[in-house]
Amino acid sequence: MLTVTGCNQAVDTVDDQTQTNVAPSNELDSSFYSIVDFGASNIRTSYYTSFYSTVDFVKIGNGLQQLSSRVFSTDSYYLADGNLLTSDDLTALLRRSSDPEEYPHTLQPQRGTTIEGVANPIMVSTIYEQDFYQKSGGDFNLAGASFAIVVDPRDENNNRLDSQMTSTTIHDYSREIIPTMYEYVKSLEDFKDVPVNIYVYLATDTSVNDYNGGYILKSVEESGGIGTIEEVDDITVLFASTAASELDYNLNDAFSLFKKEIKDKAYEAVGIIGEGTYSSNSLVKFTIDVNINVKTYTEMIYLVSTAKEAADDYLLDYPVTIMVSSQDEQIAVINKAANKSGEAIMLV
């Protein structure tokens, strides 16, 4: 393992003592970074416990990598889980008091603030950090960082609101806190001389559905200063649906044929849900969950093979990951690149 010196601190340059700490991207595909491990994040537990849904847990991390790859190429940079912000930094950014001077860089509204009729709301649940390194000889050098501010409006007791705040209020508030976050991070020694990009993720509102969370704003550092704050046009839709048909008619139609093929060959009810993430109207991630009901192992193999064949036939043009489960136990994964046949891996 690479060593990290100091209590709750990381260093800008780390000696490459062994190769066992690097997970190469070619084990997955070119959309993924090679991962370098500097040890567990200082704040990983507090970050994880901020979520009550694995949907946000996955989408925050995956989305931040996708957005960051437009700045830090997967070919030139290594990715490490954020390990430079400390618990004290989180306190400075997420707490507040009646004295504005106690936490001058807090991302929360000061006490006494009312937003859309909610007194003293909690607006930010947590911060997520990803660090990017470049390798020079035997050293990994910190070359930049991306931060996700997770906005999740709650009342002052951290309870969900009866009705979500308006999009305009959330966007306006998020725009106000991006410069505060940038100023604080750039004041830290680790980040003074590397580009820092700030993104805002709006957490899933479970009163609507369990997948509506997504990135809404971004600020990419420009010429050593805070970048222009812009809307993020990424969107996630379910297949098949009216929204998916309006966004991508061809894929929605292909998914419907894929779904029909499996349902026609199954002996019992089958649940099939697709989820596509788009950026600038281009598909960047497509996953399908197939939940089958089987009574024998032979029947299980038959339906997994059917799903693989249906993906090759109807989804040939698209990259897709298909997760197959039975009675809520995952039994197979089918991975398929665009314009290639898929590969099915049995897990039981």
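Let me sum up the structure you'll find in this document. Quick caveat, the model's predicted, so the values are computed rather than measured.

### Some points on the sheet that holds strand E16 (residues 329-336)
If you trace the 6 strands from one edge of the open sheet to the other, you get E12-E13-E14-E15-E16-E17, paired in mixed fashion. The outermost strands of the open sheet, each flanked by one partner alone, are strand E12 (235-239) and strand E17 (343-346). Taken pair by pair, the neighbouring strands of this sheet meet at an average axis angle of 20°, ignoring direction. Helix-sheet contacts for helix H6 (residues 249-265) involve E12, strand E13 (271-279), strand E14 (282-292) and strand E15 (320-326), and the interaxial angle to E13 is about 160°. Docked against the sheet, helix H7 (residues 297-314) engages E14, E15, E16 and E17, running at close to 25° with respect to E16.

### A closer look at the packing of aromatic side chains
Across all of its chains, the model carries 12 aromatic pairs by this definition. An angle of 75° between the planes, with centres 5.4 Å apart, marks the rings of Phe147 and Phe191 as edge-to-face. Taken together, the residues Phe147 in strand E8 (residues 139-154) and Phe191 in the loop between helix H4 (167-186) and strand E9 (196-202) connect sequence positions 44 residues apart. On the basis of relative accessibility, which here comes to 0%, the residue Phe147 falls in the buried class. Judged by relative accessible area, Phe191 falls into the buried class, the value being 0%. Geometrically, the ring pair formed by Tyr201 and Tyr215 is edge-to-face, given 5.0 Å between the ring centres and 80° between the ring planes. Pair noted here: Tyr201 is in strand E9 and Tyr215 is in strand E10 (residues 214-219), with a separation of 14 residues, a long-range link. For Tyr201, a relative accessible area of 1% puts it in the buried group.

### Quick notes on the side chain of Glu129
Looking at the secondary structure, you find Glu129 in strand E7 (residues 122-136). There is a polar contact of 3.1 Å between the side chain of Glu129 and the backbone nitrogen of Leu85. Glu129 has contacts with Asp81, Gly82, Asn83, Leu84, Leu85, Ser146, Phe147 and Phe191, leaving out every residue within four places of it along the chain.

### Here we look at the pattern of salt bridges
In this structure the tally under the stated criterion is 10 salt bridges. A salt bridge links Arg111 to Glu156; the nearest nitrogen and oxygen atoms lie 3.9 Å apart. With Arg111 in the loop between helix H3 (87-94) and strand E5 (114-115) and Glu156 in the loop between E8 and H4, this pair connects stretches of sequence that are 45 residues apart. Judged by its relative accessible area of 41%, Glu156 is partly exposed. With a shortest N-O distance of 3.0 Å, Arg154 and Asp152 are connected by a salt bridge. One exposure class covers both Arg154 and Asp152, and it is buried. Here the salt bridges share partners, and the residues they tie into one network are Asp152, Arg154 and Arg160.

Criteria and cut-off values
For every chain, the first residue of the written sequence is number 1, and numbering continues from 1 onward in sequence order. For a predicted model such as this one, the threshold for reporting local features is a pLDDT of at least 70, and the threshold for listing and counting side-chain atom pairs is 80 or more; totals across whole chains, interfaces and linings nevertheless cover every residue. Think of the side-chain values as coming from all heavy atoms in the structure, minus any hydrogens and water. Two strands pair if DSSP finds at least two bridges between them. Under the DSSP-based scheme used, a helix requires at least four consecutive residues in state H or I and a strand at least two consecutive residues in state E, with every element numbered from the N terminus. Angles run from 0 to 180 degrees between N-to-C directions of axes, and those axes are lines fitted to C-alpha atoms, restricted for helices to the stretch in contact. Any pair of residues with heavy atoms lying within 4.5 Å of one another is described as a contacting pair. By convention, a stacked pair of Phe, Tyr or Trp rings (six-membered ring in the case of Trp) has centres within 6.5 Å and planes under 30 degrees apart, an edge-to-face pair has planes over 60 apart, and any other such pair is tilted. For the exposure calls, accessible area comes from a 1.4 Å probe over protein chains only, and a residue counts as buried if that area is under 20% of its type's maximum, exposed if over 50%, partly exposed in between. We call two N or O atoms a polar contact when they sit within 3.5 Å, provided that within protein one can donate a hydrogen and the other can accept it, with sequence-adjacent residues counted only if both atoms are side-chain atoms. When a carboxyl oxygen of Asp or Glu is within 4 Å of a side-chain nitrogen of Lys or Arg, the pair counts as a salt bridge.

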